[in-house]
Amino acid sequence: MHSKLAFGYYFMSFLLFHIKKTWPLNQKLSRSKPTSIQKRLLAMMESSETTFSTSAKNDNNLKIQAKIIPIDRMAECGERLRQGELVAFPTETVYGLGAHALDSNAIPKVFKAKERPFSDPLIVHVLDAKDAFELWEDTTNPALLCLTENFWPGPLTIVAKAKSHIPDIIMANTGFVACRCPSHSIARDLLRHAQVPIVGPSANKFGHVSPTSAEHVFDDLRHENVWIVESSNNTCCDIGVESTVAKVTDDGNVVLLRQGAIAAADLESCLHNAGLTECVVTMKSNKVDKNVATIAPGQMLRHYSPNIPSYIVSSSLAAKELTLELKSKLQRAIIIDYGGRLAHWQEDSLKYKDLSPNSVPGHATHVVFDTLRWAEHIESAELILFPTIGEGTDALFLALKDRLNRAASGITIDSLV
């Protein structure tokens, strides 16, 4: 009974955190019965010394615990991870919130700090493919061997059946574990010093805009007991959006679960060039409820969301004449554009930024999350508007379209009136 009450507290705290962001969508939030895993984890959380904080609480009453750590203290960071504590670190995609992936006492701290539902699994970061095959059940699957050889280190997360010793908590009790081998030098240095696999979901509050700088992490997790490794150069989070996630099935086929810097066509080309011509790469839509356990993160339609209602502007609305009523609405709107598609609204908007005036996908993904966070600090803003960016095949174009779509909860509007 006590663990059920704890779950109720967790759920209500999580609900309060999201009410402000979800009210315009008129979504129904439901309360589900906690699983045995959730009960066990909540018991761990109750015994933890770290105060469980949510954005619904008054920040003035909470102690700042997070610390920015220079990169010359990586040995200490590695030791901290081995001792079961949290370390946030930069990668080539976004900042990750690291913990010892095989420590059943450390992993709940990640869920607690992020206010993350247990239905959303964690990605395990490894130094090389050998370490991943220590976690996967099938060590001879040709597709696994091909993809790790050709795309690692890099922004590809691979999901496959897990060995029996992998903690259920990092897999949402699905039996599948997601692994990635990052290419960023700081992430790799941390893995060397830690000498253990590291879970590393984005280092932010669940559902919020992903962090691409140490400052972003501090903004979200300042009240958590976490060390934040500061990147000392401009190569931090170069890609700017999360990794591509692909599941490898027992028969060697591949399902793309989340779009990143590697497209489905890239995966299929790699497999076919390796002689695996019968391998098929398919894509899965992201429309999973937060209470449904998934085999990989990033499966919900609403994600990466700023705390201001956000929408995609339909092409027909963008082409409409600027009436006085429309101009009045734009005066309270922030426009985050791409390729100048809404540039004719700039003068009438509250604030305007173009992710890439020349429509270069890589430039846009590099700054998209920083721009979304910038928009949150604009006073008097009532909504954020994105353009309809059209169709394309470039991996980063698809990733940008995916992130804008989910920041807007998949909502395209035909009117502001």
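Right above here is the structure, for reference.
Residues numbered from 1 in each chain as written. Predicted model: local features only at pLDDT ≥ 70, side-chain atom pairs only at ≥ 80, totals over all residues. Heavy atoms only, no water.

Asker: I would appreciate a short explanation of the packing of helix 12 (residues 361-376) against helix 13 (residues 395-407) in the present structure.
Answerer: How two helices pack is summed up by the angle between their axes together with the distance between the axes. One can describe the packing of helix 12 onto helix 13 by two numbers: an axis separation of 8 Å at closest approach and a directional angle of 25°. Accordingly, the angle class assigned to the pair helix 12 and helix 13 is roughly parallel. Regarding helix 12 and helix 13, the two cross each other, and that crossing is left-handed. Between helix 12 and helix 13, the residues in contact are P361, G362, A364, T365, V368, F369 and L372 and L396, F397, L400, R403, L404 and A407, respectively. (Axes fitted to C-alpha atoms, helices over the stretch in contact; angles between N-to-C directions. Helix = DSSP H or I, 4+ residues; strand = E, 2+ residues; numbered from the N terminus. Parallel < 35°, antiparallel > 145°, perpendicular 65-115°, else oblique. Left-handed = near helix turned anticlockwise from the far one by under 90°. Contact = heavy atoms within 4.5 Å.)

Asker: I'm lost on the sheet that holds strand 7 (residues 198-199) in this one. Help?
Answerer: Hydrogen bonding along the main chain pairs the strands of a sheet, whether they run parallel or antiparallel. One open sheet holds the 11 strands; their spatial order is 1-8-2-3-7-4-6-5-9-10-11, and the pairing between them is mixed. Among the strands making up the open sheet, the edge pair consists of strand 1 (67-69) and strand 11 (281-283). The pairing of strand 5 (residues 156-161) with strand 6 (residues 176-180) spans 5 bridges and is antiparallel. Looking at the pairing, I158 lines up with C179 of strand 6. On top of the sheet, helix 4 (residues 107-114) reaches strand 2 (86-89), strand 3 (96-100) and strand 7; it is set at about 155° to strand 3, its chief contact. (Pairing = 2+ DSSP bridges.)

Asker: For this particular structure, what's the right way to read unusual backbone geometry?
Answerer: Residues other than glycine predominantly adopt negative phi, and peptide bonds predominantly adopt the trans conformation. The step from W152 to P153 runs through a cis peptide bond, and the omega angle for that step is -10°. Secondary-structure assignment places P153 in the loop between helix 6 (142-151) and strand 5. Positive phi, close to 55°, is recorded for A172, a residue that is not glycine. Mapped onto the elements, A172 comes out in the loop between strand 5 and strand 6. Taking the relative accessible area as the measure of exposure, A172 reaches 10% and is therefore buried. We note that Q195 has phi near 60°; this positive angle belongs to a residue other than glycine. With respect to the secondary-structure elements, Q195 resides in the loop between helix 7 (185-194) and strand 7. Since its relative accessible area comes to 64%, Q195 is described here as exposed. (Buried < 20%, exposed > 50% of the residue type's maximum accessible area, 1.4 Å probe, protein only.)

Just distances and angles here, no functional claims.
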